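Working through the structure, step by step
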Amino acid sequence: MAIVDKKKQISIRGLVGVDNVVELKTGFNRHLHFTLAKDRNVAQVQHYYLALAHTISDLLVGRWIRTQQYYYEQNPKRIYYLSLEFYMGRTLQNTMINLGLQNACDEAMYQMGLNIDELADVEEDAGLGNGGLGRLAACFLDSMATLGLAAYGYGIRYEYGIFNQRIKDGWQVEEPDDWLRLGNPWEKRRLEYEVPVHFYGRVEYHGDRAQWVDTEITFATPYDTPVPGYLNNTVNTMRLWSSKAPNSFNLQSFNIGGYIDAVLDRNQAENISRVLYPNDNFFQGKELRLKQEYFVVSASLQDIMRRFKNSKKGCKDNVKACFDSFPEKVAIQLNDTHPALAIPELMRILMDIEKLAWDQAWEITKRTFAYTNHTVLPEALERWPIDLFEKLLPRHLQIVYEINHKFLEKVKALYPNDNDRLGRMSLVEEEGMKRINMAHLCIVGSHAVNGVARIHSQIIKKKIFKDFSEIEPAKFQNKTNGITPRRWLLLCNPGLADIIAEENKAKLARSLEKQYHLKINLSSIFDVQVKRIHEYKRQLMNVLFMILMYNRIKTNPNKQFVPRTVMIGGKAAPGYHMAKLIIKLITSVADVVNHDPVIGNKLKVIFLENYKVTLAEKVIPATDLSQQISTAGTEASGTGNMKFMLNGALTIGTMDGANVEMAEEAGEENLFIFGMRVEDVEKLDLRGYDASEYYRKIPELKEVIDQISSGYFSPKQPDLFRDIVNMLFHHDRFKVFADFEDYVKAQDKVSHLYLNQKEWTKMVIKNIASSGKFSSDRTITDYAKEIWGVTPGALKVPNAPNQS
């Protein structure tokens, strides 16, 4: 296929413009000399990257300032997106695309003898998220700016992001992600907006007013990153908070050694923003994590309150009446339960500081908040032990108790004598360890609750939160996830218009061959499953099929076999034994398959080490087959499935998450759908799932399991994978064996179709053409109209005086 010509590049990536090129070169040289104090004799590639980043950042600032001035003048309703994770990836090229400057930057660097791709590769991924939830938040910020919404993202500026994954002897090893080691040219520190955050202490009462006293204070320092809309003048703000110890010391500690101890004690406060918890399911009960959740909530709400009070109309005369308008000017979206403490925190501010009565404060709070649920897995629903909650946030526990009491009184009035229902709906779980159910807090304290795919929203309404939806059915909505086409098409696959999939495959193959010393067959199916390693995502089923393919080739090496290069990537939580063992099984199978001369180039298996946004931008455009094979009813939505669809990969998947809607849009016949539906899983649960039944009746499955059990893939340690086999037979909640036979049939259909490239291409085109629904612009438009009460595109930020 031909490489994209210059005219087509311009149409895709923006006009070059002589003035733009000159301005970029001038800014580049200025920053190289005066910001970095380097010249071309001593500068290294990282200095060139920083000089270019500072230059592009300069071009953002005028728009950024003008946008904020315009918001002040217009006083629109502001949208605040609270999330513990923002998986932003790299910023440079995404910013160039949104400003329409990518081609000009290419040309400017070329004229200076530099390669822009090499400079871009210097940038560290801002890995401030574990995966889908954090990447969704990043896409949403992009879409909110593109749609002209007055929006802000609030999170934590983790010093260390999601760990770097290294594979040593086939095992995952975690290394620190020191993403700030070169500095961050995109952020601006805003010391003037630093705020105190309180912990511990006790509650005093003065009449009927509570006061939280004797607290420990940590300061939250904001770092702002501009978020530009696509080819408009809007530049919104992502504000990330960094924890900082107070400057004051207890003078009594200034004895011999006391000063040193006092300084060292500051680490306790500053640890709050030190590291992103690398696991989104198993951090419950950890005091530092609860501190992080309150830290971002407290700092953000103080900031939101300051902005509301300082708005153009102000809030200085009748404060109580003024706050009635708060929900008309403020919408706060809770990205999962992690920022749930915002609900009692706003109540505390309104009652204890602003002196509002409970009923008024509660009405304001409910109208302000909306909650997005991201999971149906019981272990992923946050619950915090009462004793920890009370120790860290004593006033908030009182408020949660009062919220619960008033709510259960209403439930009792609707359902007299139904104590079981009261127990199920209580915010306070009494069985075993007494805990606060944070999802229940979010539901009760919000005016809207949404799932992130239609099937997921049905499950939370009819099953997970059935009792709540029966009381307030209108509160529950669906907002199917989306992805930003700017990053996931224009940036990572600009040549799609010319259908250069072969070129994408060749580019990825060169990269893989260099890293893994493995010759890649370009005519093979690039078969990819990239996502967090977890039992419910069923990477195990993929591995079992790899072994099955291996066995088929070994049994009949002369039989026609459609070649495959199978790639699996993703990180396992450091404490998740089974997930890490699954990675070891994948790498062990790869060692056998890739070095067997009988297999040759028919089958290759690669575990993609340290999978992250930047690697995704290379892998996704080169993929032929996208594996989305979670057990029906377990994946909330998925967004990787959408990225692959947009970039021309065909999907093999279950009717789970957004796969259902993808099949509707493209036609089920244009995906490789297999396996149980949600109702089938439920029936199997009622009947009782017996894995050995499938083991006995499916000969190829039995052969595969026997090989794993016997140590075929781990000859030096035959029982290495005993825990996997034991789990599959005796406590596999996700029923790998039950779907395996149908999965194999679907995979055989994949191979058969791939032989007919004309028909394969027809399906690819139908999928790409049907992917429009899965834009985050559409998702955000739905949020804006149906939850936040604002109109996308209503705000048009004018040109700044120095802009053309």
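In what follows, the structure referred to is the one given above.
The structure presented is a predicted model; accordingly, all values stated were derived computationally and were not measured. (Residues numbered from 1 in each chain as written. Predicted model: local features only at pLDDT ≥ 70, side-chain atom pairs only at ≥ 80, totals over all residues. Heavy atoms only, no water.)

Concerning the packing of aromatic side chains
When we look at a pair of aromatic rings, we describe it by the centre distance and by the angle of the planes. Counted under the stated rule, the structure contains 27 aromatic pairs. Geometrically, the ring pair formed by F199 and Y294 is edge-to-face, given 5.8 Å between the ring centres and 75° between the ring planes. Of this pair, F199 sits in strand β8 (residues 195-199) while Y294 sits in helix α9 (residues 287-309), placing them 95 residues apart in sequence. Across this residue pair, the class does not change: F199 and Y294 are buried. Among the aromatic residues, ring-to-ring pairing joins Y80, Y152, Y154 and W241 into one connected group. One cation-aromatic arrangement involves R190 over W64; the distance from NZ or CZ to the ring centre is 5.3 Å. A cation sits over an aromatic face here: K505 above F526, 4.5 Å from the ring centre. (Phe/Tyr/Trp six-rings, centres within 6.5 Å; stacked < 30°, edge-to-face > 60°. Helix = DSSP H or I, 4+ residues; strand = E, 2+ residues; numbered from the N terminus. Buried < 20%, exposed > 50% of the residue type's maximum accessible area, 1.4 Å probe, protein only. Lys NZ or Arg CZ within 6 Å of the ring centre and 35° of its normal.)

A few points about the packing of helix α12 (residues 342-353) against helix α13 (residues 358-368)
To describe two helices that pack against each other, one gives the angle between their axes and the distance between the axes. The contact between α12 and α13 brings their axes to 9 Å, and the two run at 140°. Overall, the two elements α12 and α13 adopt an arrangement that is oblique. In this structure, α12 meets α13 at a crossing whose hand is right-handed. Residues I343, L346, M347, L350 and M351 of α12 touch α13, and the partners they reach there are W358, A361, W362, I364, T365 and T368. Split by residue class, the contact of α12 with α13 holds nine nonpolar, two polar and no charged. (Axes fitted to C-alpha atoms, helices over the stretch in contact; angles between N-to-C directions. Parallel < 35°, antiparallel > 145°, perpendicular 65-115°, else oblique. Left-handed = near helix turned anticlockwise from the far one by under 90°. Contact = heavy atoms within 4.5 Å. Nonpolar A, V, L, I, M, F, W, Y, C, P; charged D, E, K, R; others polar.)

Here's the deal with the nonpolar core
Counting 228 residues, the largest nonpolar core has M144, F737 and W788 as its most contacted members. It is helix α22 (residues 539-555) that contributes the most residues to this core, eleven residues altogether. The residues contacting W788, other than those within four sequence positions of it, are K77, I79, M144, L149, A331, Q333, I780 and Y783. In this structure, A53, L59, L92 and A104 belong to the second largest nonpolar core, which totals 32 residues. (Core = buried A, V, L, I, M, F, W, Y, C linked by side-chain atoms within 4.5 Å.)

Details of the sheet that holds strand β20 (residues 525-530)
Reading across the sheet, the six strands line up as β22-β21-β20-β23-β24-β25 and stay open at both edges, with parallel pairing between neighbours. Two strands close off the open sheet at either side, each with one partner strand: β22 (603-608) and β25 (672-673). Direction of pairing for strand β24 (residues 650-653) relative to β25: parallel, over a ladder of two bridges. Directly across from G653, in β25, lies its bridge partner I673. (Pairing = 2+ DSSP bridges.)

Looking at the pattern of salt bridges
Under the criterion given, the structure shown has 57 salt bridges. Where E73 meets R66, a salt bridge forms, and the shortest distance between an N and an O atom there is 3.5 Å. Relative accessible area serves as the criterion here: at 37%, E73 is assigned to the partly exposed category. Assessed through its relative accessible area of 17%, R66 is described here as buried. Of the charged contacts in the structure, one is a salt bridge between D777 and R486, with a shortest N-O distance of 2.8 Å. In this pair, D777 is assigned in helix α33 (residues 776-788) and R486 in helix α20 (residues 485-491), connecting sequence segments 291 residues apart. Each member of the pair, D777 as well as R486, carries the same accessibility label: buried. Here the residues in one salt-bridge network are R190, D224, R239, D303, R306 and R307, joined through shared partners. (Salt bridge = Lys/Arg side-chain N within 4 Å of Asp/Glu carboxyl O.)

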